[in-house]
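Given next are the chains, with one letter for each unit.
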Amino acid sequence: MVSSINSQQLYKLQGGIKLPHHKNDSLQNGLSHLPIADKVYISLRINRGNIAKALVKVGDKVLKGQIIAKPDTTNGSYIHASTSGEITAIMQRATASPEADISTVIEITTDGKEQWVLLNKKPINQAYIDSVSAKDIIDSIHNAGLVGLGGAGFPTHLKYTSNDTKINTLIVNGAECEPYITCDEQLMLSYPEDLISGILLMMKASAASQAIFALEDQVGNIKSAIEKHIKQRKINNIIVTKVPTIYPAGGEKQLIKVLTGREVPSGGLPLNLGIIVQNVGTIKALSDFISEGRPLVERIVTVAGDCIGMAQNFITAIGTPMSHLLQHAQFHKDKTHRLIIGGPMMGYSMPDCSTGIDKTTNCILALSKNITQHYGDALPCIRCGECVNVCPAGLLPQQLHWYIKGENLEKAREHHLFDCIECGACAWVCPSQIKLVDYYRYAKSELKYLDYKREKSDQAQIRHEQREARLERLKAERAAKRKRTRRRTTNTDKIQKDLSATMERIQKAKAARQDTKLETKNDSK
Amino acid sequence: MTQNKVFNTQSAPHIPKKNSVAKLMLTLGLALTPAILAHVFFFGTGIIIQLTLAVIFALCFEAISLKLLGKSIKLFLKDYSAFVTGLLFALCISPVAPWWISFIGMFFAIVVAKHLFGGLGQNIFNPAMLGFAVVLISFPQAMSMWLPPHSISPYAMSFVENLQAIFFNQFPSTIDFDTLTQATPLDLIKTGISQDSMMSEITTGIAFGNFGGVGWEWVANMYFLGGLFLIYKKIITWRVPAAVLLTAIAFSLPFYLIDPDNFIGPLQHIFSGGLMLGAFFIATDPTSGCSSHKGQLIFGAGVAIMTILVREFGNFPDGVAFGILIMNMSAPLIDRLTIPKAFGQKDK
């Protein structure tokens, strides 16, 4: 099954759309280190709303790379200080997340020295890779605070700690399918060697026998550069493959389909197919942690859009306020209509630019009204079916919309609502300009809530039934007891009766005896 | 923490495609142009008057309905959907039909079929087809007045004569009543068959061309051309038209092969009457059609089968409108039975 994956053969993705590219602006201005901001705001939010526990308090001095928060459970990741300085606040603040969610944020006032904690460096050569154990690498992944840098922020070590399935393939996701975003492409251009090292480590950690390195077919000569390094290091189980630039071919499930022809089962994970998909940024971060000792405290962020004078990629400390990044890229604030974290298809718009960037913040987009504005008026759905043609999940978006609008949510579930990946292709093509994804998000959260409530009420029902049964049992027990007691009582009566009867008999006998005595007395007289 | 909102925080996607309902509808109108020109070429300028009338009535009824329902007139008139309904209706009726046919037809199309069902996107029936079916059943005589195409007609009506015919029911004295009625090829066949003529006798008549009626087949060709343009522009997909046309051929062929004297040939079927118009422009109406891809194929096949059954065994010469209306009714059921499997649900 594994060896059948051929680098040349690609499979067709159903649906999908061709989008304008908009990537050249930020690429031509290259990659630079962003000077550290005066203050950084590090969010303690880990995925799915879990909050890490702060290990520092206001007034503490911290060093760059020091662990400042740890997760409550093993399902979270460590959070490190991204610069040296003093903790000046631990507060509730808007974070780089959808709806700009308020969460716990640690404010570090930087001292400008960028002083690192003691770093443990190991050169990643063949000898190291041969000697290190998978468990050590997985521990490193955990200690480095790695999460999926592609956008979902899933704690990376969890992918490697599942024992049920044997992993055979590592897919390296270098296919950034959203317009504007170039942080991954820039990373591949700048650090091909580190990437190869990281891939070898990830393969060792997962025991995958091969890796497929997926690139978009619109990238320049990255493929040959990476292949050159692979050849130099005499590696034969990493295949570099270009995939068509169709949105959303870079989505995890879609990429697996394009590369292997296999579909992740509905509601399942790539792990179910023996596949791990890893973003290039995450791989580079692992390589950095092992070779340089640096945990995940910085990432590459693309700043782009038509309101940015100097679009480019910055190596940015986690927690850096968006305003600081924008300031270094010639931001035209007045022209900006929407400020977006992420890409134009799935990114979320932020109310202002004070938020600190997160580990998953791959791009900051400033777009003017010219671009964000709709062409026509918002109208009712005419069921034109364009959305059906572009849906990569094979759904009927217009039917979902219809049912959700009519609050017929169970019908929407029947139409496979939960297989929607919220890529926004349907909303993009909609001639009636309907915000379709909003409907799906609403319905999903509503259904989850209803399920939760149903579960609760089911539990309550079970509890109620159990209580009824218990009461019934007690009643029966009491009744039985009473019956027994009654029987006993009846018995006493009988005994009493018997007793009194006997007593009577004795009395009678006594009386009879006395009578006979008297008679004899009388006779003897 | 309340924050001052500096930027717009609408949800993704942030770069909408330049697409709109109005653009869609106008493209549909554009795709009808070749057929309209062919119509003018073969049947005279009457169709222009009918198109204008139907569109004016459609827009008036649309505006009145919107006003009464308290919806934005400006917003919905701009979507051009009533405009397209008017065009499609006018292309179904005779170029010399009296003006009130359009009036009544558009009343039922726009007010009854569209707005009483909830307006744009909510109608169960295709408005143009419902309007057409109402006038076809109610006014059979007015609906069957057709002029033969110019090439075989002893007299061609001028624009003014067309106006007089439509508004005052006055026809030039050179045109006798016989020429004026029962003149569509499908009418001729229906009458011919009922008089025990053989199909081969009927179709060698002057009104018949290579595959359909003279003139008619060219209008049908132009609908086909316009339809291809719509497929190219991705306004419609190939599924419904292909299903209609191929099913029409496949379904009519056995009848024709068994008894060619009493049944219409497959080519005659697809190039006559409203089948080509219906296949590309009306059965593809997404609002009243099926949404799943499989459902669309079933929908198209159903339209074709109904059309042929009506043409061969029914009382009406053509059955496209009835076929479409019956399939409109079945569309929700077909959709329910053809929910596609989602990604990752394929049995593998």
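On a predicted model such as this, the values are computed, not experimentally measured, just so you know.

1. Describing the overall build of chain B
Then, number 1: Looking only at helices and strands, chain B features 17 helices and zero strands.
Then, number 2: Computed over C-alpha atoms, the radius of gyration of chain B comes to 22 Å, within 12% of the 20 Å expected from 2.2 N^0.38 for 348 residues, which places it in the range of a compact globule.
Then, number 3: On the principal axes, the C-alpha backbone points of chain B span a range of 85 × 55 × 30 Å.
Then, number 4: For chain B, buried positions account for 55% of its 348 residues.
Then, number 5: Taken as a whole, chain B presents about 14,900 Å² of accessible surface, with 68% of it coming from carbon and sulfur.
Then, number 6: With 19 positive and 16 negative side-chain charges, chain B shows a separation of 28 Å between the mean positions of the two kinds.

2. Points about the nonpolar core
Then, number 1: Membership of the largest hydrophobic core comes to 89 residues, with the highest contact counts inside it found for Leu 170 and Phe 213 of chain A.
Then, number 2: Of all the elements, helix α6 (residues 192–206) of chain A adds the most residues to this core, at eight residues.
Then, number 3: Each of domain 1 (24–364) and domain 2 (387–446) of chain A contributes no fewer than three residues to this core.
Then, number 4: Ignoring any residue separated from it by four or fewer positions in sequence, one finds Phe 213 of chain A in contact with Val 172, Met 188, Leu 195, Ile 199, Ile 226, Ile 239, Val 240, Thr 241 and Val 280 of chain A.
Then, number 5: Phe 43, Leu 130, Val 240 and Met 327 of chain B belong to the second-largest nonpolar core, a separate cluster that totals 88 residues.

3. Re the confidence of the model for chain B
Then, number 1: Mean pLDDT over chain B works out to 86, with 91% of the residues at or above the 70 mark.
Then, number 2: For this predicted complex, the interface confidence score (ipTM) comes to 0.82, while the overall pTM stands at 0.81.

4. A look at the pairing of strand β17 (residues 363–368) of chain A
Residues and elements named next belong to chain A.
Then, number 1: Burial runs high along β17: six of the six residues are buried.
Then, number 2: Pairing between strand β13 (residues 298–304) and β17: three bridges, direction parallel. Residue pairing for β17: Thr 302 is matched across the bridge by Cys 363.
Then, number 3: As paired elements, strand β15 (residues 336–341) and β17 share five bridges and run antiparallel to each other.

5. Observations concerning the pattern of salt bridges
Residues and elements named next belong to chain A.
Then, number 1: For the structure on display, the rule yields 22 salt bridges over all chains.
Then, number 2: A salt bridge links Lys 223 to Glu 227, with the shortest nitrogen-to-oxygen separation between them at 3.5 Å. Of the two residues, Lys 223 and Glu 227 both sit in helix α7 (residues 222–232), four residues apart, roughly one turn of that helix.
Then, number 3: Close ionic contact of Asp 288 with Arg 294 constitutes a salt bridge, the shortest N to O distance being 3.7 Å.
Then, number 4: Owing to a relative accessible area of 12%, Asp 288 belongs among the buried residues under this scheme.

6. Some remarks on a nonpolar patch on the surface
Then, number 1: A contiguous nonpolar patch, built from Ile 495, Leu 499, Met 503 and Ile 506 of chain A and spanning about 400 Å² of accessible area, is present on the exposed surface.
Then, number 2: Tracing the sequence through the fold places Ile 506 of chain A in helix α16 (residues 436–524).

7. Section: the interface of chain A and chain B
Then, number 1: Tallying the contact residues gives 75 residues for chain A and 50 residues for chain B.
Then, number 2: For the pairing of chain A and chain B, the buried interface totals around 5,300 Å² over both sides, and the portion due to carbon and sulfur atoms is 57%.
Then, number 3: In this assembly, chain A and chain B are joined by one salt bridge.
Then, number 4: With five residues, β15 of chain A is the single largest residue contributor to the side of chain A that touches chain B.
Then, number 5: When its residues are assigned to classes, the side of chain A that touches chain B shows 34 nonpolar, 25 polar and 16 charged.

8. Some words on the sheet that holds strand β7 (residues 85–94) of chain A
Through backbone hydrogen bonds, the strands of a sheet pair up, either in parallel or in antiparallel fashion.
All names here are of chain A.
Then, number 1: With respect to topology, four strands assemble into an open sheet ordered β2-β8-β7-β4, the strand pairing being antiparallel. Two strands bound the open sheet, and with one partner strand each, they are β2 (39–43) and β4 (61–62).
Then, number 2: For β2 and strand β8 (residues 102–110), the ladder comprises five bridges, and the chain directions are antiparallel. Pairing of Val 40 across the sheet is with Ile 108, part of β8.

9. With respect to the state of the cysteines
All names here are of chain A.
Then, number 1: Taken as a whole and judged by the stated rule, the model has zero disulfides over all chains.
Then, number 2: Here Cys 420 is not disulfide-linked; the sulfur of Cys 426 is the nearest cysteine sulfur, at 6.5 Å.
Then, number 3: On the basis of relative accessibility, which here comes to 13%, the residue Cys 420 falls in the buried class.

10. Thoughts on the packing of aromatic side chains
Then, number 1: Taken as a whole, this structure holds 18 aromatic pairs over all chains when the rule is applied.
Then, number 2: Among the aromatic side chains, those forming a connected cluster through ring pairs are Phe 57, Phe 61, Trp 99, Phe 103, Phe 107 and Phe 108 of chain B.
Then, number 3: When the ring centre of Tyr 41 of chain A is taken as origin, the NZ or CZ atom of Arg 93 of chain A, which lies over that ring, is 3.6 Å away.
Then, number 4: Above the plane of the ring of Tyr 191 of chain A lies Lys 284 of chain A, whose end atom (NZ or CZ) is 4.0 Å from the centre.

11. Here's the deal with the environment of Ile 36 of chain B
Then, number 1: Turning to its location among the elements, Ile 36 of chain B is positioned in helix α1 (residues 21–43).
Then, number 2: Note: C-alpha distance between Ile 36 of chain B and Leu 87 of chain B (51 residues apart in sequence) is 9.6 Å.

12. Some words on unusual backbone geometry
Then, number 1: With an omega dihedral of 0°, the bond running from Tyr 247 of chain A to Pro 248 of chain A counts as a cis peptide bond.
Then, number 2: In this structure, Pro 248 of chain A sits in the loop between β11 (238–243) and α8 (252–260).
Then, number 3: Residue Pro 13 of chain B is bonded to the preceding Ala 12 of chain B through a cis peptide linkage, with omega at -5°.
Then, number 4: Of note, Pro 13 of chain B is situated in the segment before α1.
Then, number 5: In this structure, His 416 of chain A takes a positive phi of about 65° despite not being glycine.
Then, number 6: By the secondary structure assignment, His 416 of chain A is in the loop between α14 (409–414) and α15 (425–429).

13. Comments concerning a positive patch on the surface
Then, number 1: On the surface, Lys 475, Arg 478, Arg 482, Lys 483 and Arg 486 of chain A cluster together to form a positively charged patch.
Then, number 2: Positionally, Arg 486 of chain A belongs in helix α16.

14. Regarding the packing of helix α3 (residues 134–143) of chain A against α6 of chain A
Residue and element names in this part refer to chain A.
Then, number 1: Put simply, α3 and α6 touch, their axes get as near as 8 Å, and they point 115° apart. Two packed elements cross with a definite hand, and for α3 against α6 that hand is left-handed. For the pair α3 and α6, the contacting residues are Ala 134, Ile 137, Ile 138 and Ile 141 in the first and Leu 201, Met 202, Lys 204 and Ala 205 in the second.

The rules behind each value
- Residues numbered from 1 in each chain as written.
- Chains lettered and ligands numbered in written order.
- Predicted model: local features only at pLDDT ≥ 70, side-chain atom pairs only at ≥ 80, totals over all residues.
- Heavy atoms only, no water.
- Helix = DSSP H or I, 4+ residues; strand = E, 2+ residues; numbered from the N terminus.
- Rg over C-alpha atoms; globule rule 2.2 N^0.38 Å.
- Buried < 20%, exposed > 50% of the residue type's maximum accessible area, 1.4 Å probe, protein only.
- Areas by Shrake-Rupley, 256 points an atom, 1.4 Å probe, with all protein chains shown as cover.
- Lys, Arg positive; Asp, Glu negative; His and termini not counted.
- Charge placed at Lys NZ, Arg CZ, Asp CG, Glu CD.
- Core = buried A, V, L, I, M, F, W, Y, C linked by side-chain atoms within 4.5 Å.
- Domains from an automatic or database assignment.
- Contact = heavy atoms within 4.5 Å.
- pLDDT = per-residue confidence, 0-100.
- Pairing = 2+ DSSP bridges.
- Salt bridge = Lys/Arg side-chain N within 4 Å of Asp/Glu carboxyl O.
- Patch = residues over 30% accessible without salt bridge, like charges linked within 9 Å, V, L, I, M, F, W, Y side chains within 5 Å.
- Buried area = accessible area lost by both parts, 1.4 Å probe.
- Nonpolar A, V, L, I, M, F, W, Y, C, P; charged D, E, K, R; others polar.
- Disulfide = S-S within 2.5 Å.
- Phe/Tyr/Trp six-rings, centres within 6.5 Å; stacked < 30°, edge-to-face > 60°.
- Lys NZ or Arg CZ within 6 Å of the ring centre and 35° of its normal.
- Axes fitted to C-alpha atoms, helices over the stretch in contact; angles between N-to-C directions.
- Left-handed = near helix turned anticlockwise from the far one by under 90°.

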